[in-house]
Amino acid sequence: MEATEELTEFKKYLQDGLEALGLDTEVFVEYTLGVLEASASPNSAAKAAADAQQQQKQQIQQELLETLSLSLEDSALQQQLQDFCCSCAARWVEVVLPAAAQQKQQQRQQNLEAVFSSSTTAAAEVDEQPEDEAARRIRERVVQQYGFEFDEMVECDEEGKLQLDSSSSSSSSSSKKQGDDPGIWCNDNRARVQQAAQAARAKAKADHEMEVQRNKHQQLLQQQRMEKEKQRVARKERKAGR
């Protein structure tokens, strides 16, 4: 049993009573406490009704009387021993055990509060951790591609149209508000994908046309160089024939 103020006072009372009976306090204080602790638990004493407490006190009194009377040398102190055992049982059941039960309950409550506080602190530390670079890049890429954060929800309105329920503002300038709720945006993912595909095809077509024009220009330059080379060779041959 954990030490309490009531238990300390009870030990002092027990020591004085045993000393008055002529019993060895160094031996019988701890021995008597062992008998008392084995007789009942703090929880059962705290919840016991009045009749049950009375029965418990009588049981403890009888156990103490049987234990201590064997070591009592002066038979004239038998009545004093009975009164002492009765008083010890009453103090133990009515004072010491309820105090121990209350302390145990308070300790349990403190442990629960400590666990809850530790969990809350850990959760707050996790929430306060800054977003790392990789997560930031992923978020920005998703916003740029789809026009909304990935924690936004897509739902249907009364007409069955897809709506974007957003807790943050959309990055798309082409999105239009639906109704009076500023957090509802039209989901235009499909249109965005189609626009991106069209832009990719247009770019590929433009690149192809530029490549064709570049090839034609190179062929023209090659022909011009060949004509100049023929003219140079012809002039050289004419000079040699003279």
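Everything below is about the structure shown above.
Position numbers for residues start from 1 in each chain and track the written sequence from start to end. Confidence filtering applies because this is a predicted model: local features only for residues at pLDDT of at least 70, side-chain atom pairs given and counted only at 80 or more, and all residues used for totals across whole chains, interfaces and linings. With hydrogens and water stripped out, all remaining heavy atoms of the structure feed into the side-chain values.

## A few points about the pattern of salt bridges
Side chains bearing opposite charge may pair, as long as their charged atoms lie close to each other.
Piece 1. Every case where a carboxyl oxygen of Asp or Glu lies within 4 Å of a side-chain nitrogen of Lys or Arg is listed as a salt bridge. Under the defined criterion, the tally for this structure stands at five salt bridges.
Piece 2. Linking aspartate 16 and lysine 12 is a salt bridge whose minimum nitrogen-to-oxygen distance equals 2.9 Å. With a gap of four residues between them, aspartate 16 and lysine 12 both fall in helix α1 (residues 5–20), about one helical turn apart.
Piece 3. A salt bridge links lysine 203 to aspartate 207; the shortest N-O distance between them is 3.2 Å. With lysine 203 and aspartate 207 both in helix α7 (residues 189–241) and four residues apart, this pair spans about one turn of that helix.
Piece 4. On the accessibility criterion, lysine 203 (54% relative accessible area) is exposed.
Piece 5. The partly exposed category is assigned to aspartate 207, whose relative accessible area is 38%. Think of it this way: any DSSP run of H or I at least four residues long counts as a helix, any run of E at least two long counts as a strand, and we number them from the N terminus. Between buried and exposed lies partly exposed: a residue is buried under 20% and exposed over 50% of the maximum accessible area for its type, with that area taken using a 1.4 Å probe on protein chains only.

## Things to note about the state of the cysteines
Piece 1. Two cysteine sulfur atoms form a disulfide, by the criterion used here, when they sit within 2.5 Å. Within the structure shown, the criterion is met by zero disulfides.
Piece 2. Unpaired in terms of disulfides, cysteine 85 finds its nearest cysteine sulfur in cysteine 88, a separation of 6.5 Å.
Piece 3. Using a relative accessible area of 0% as the deciding quantity, one classes cysteine 85 as buried.

The values reported here are purely geometric and, on their own, carry no functional implication.
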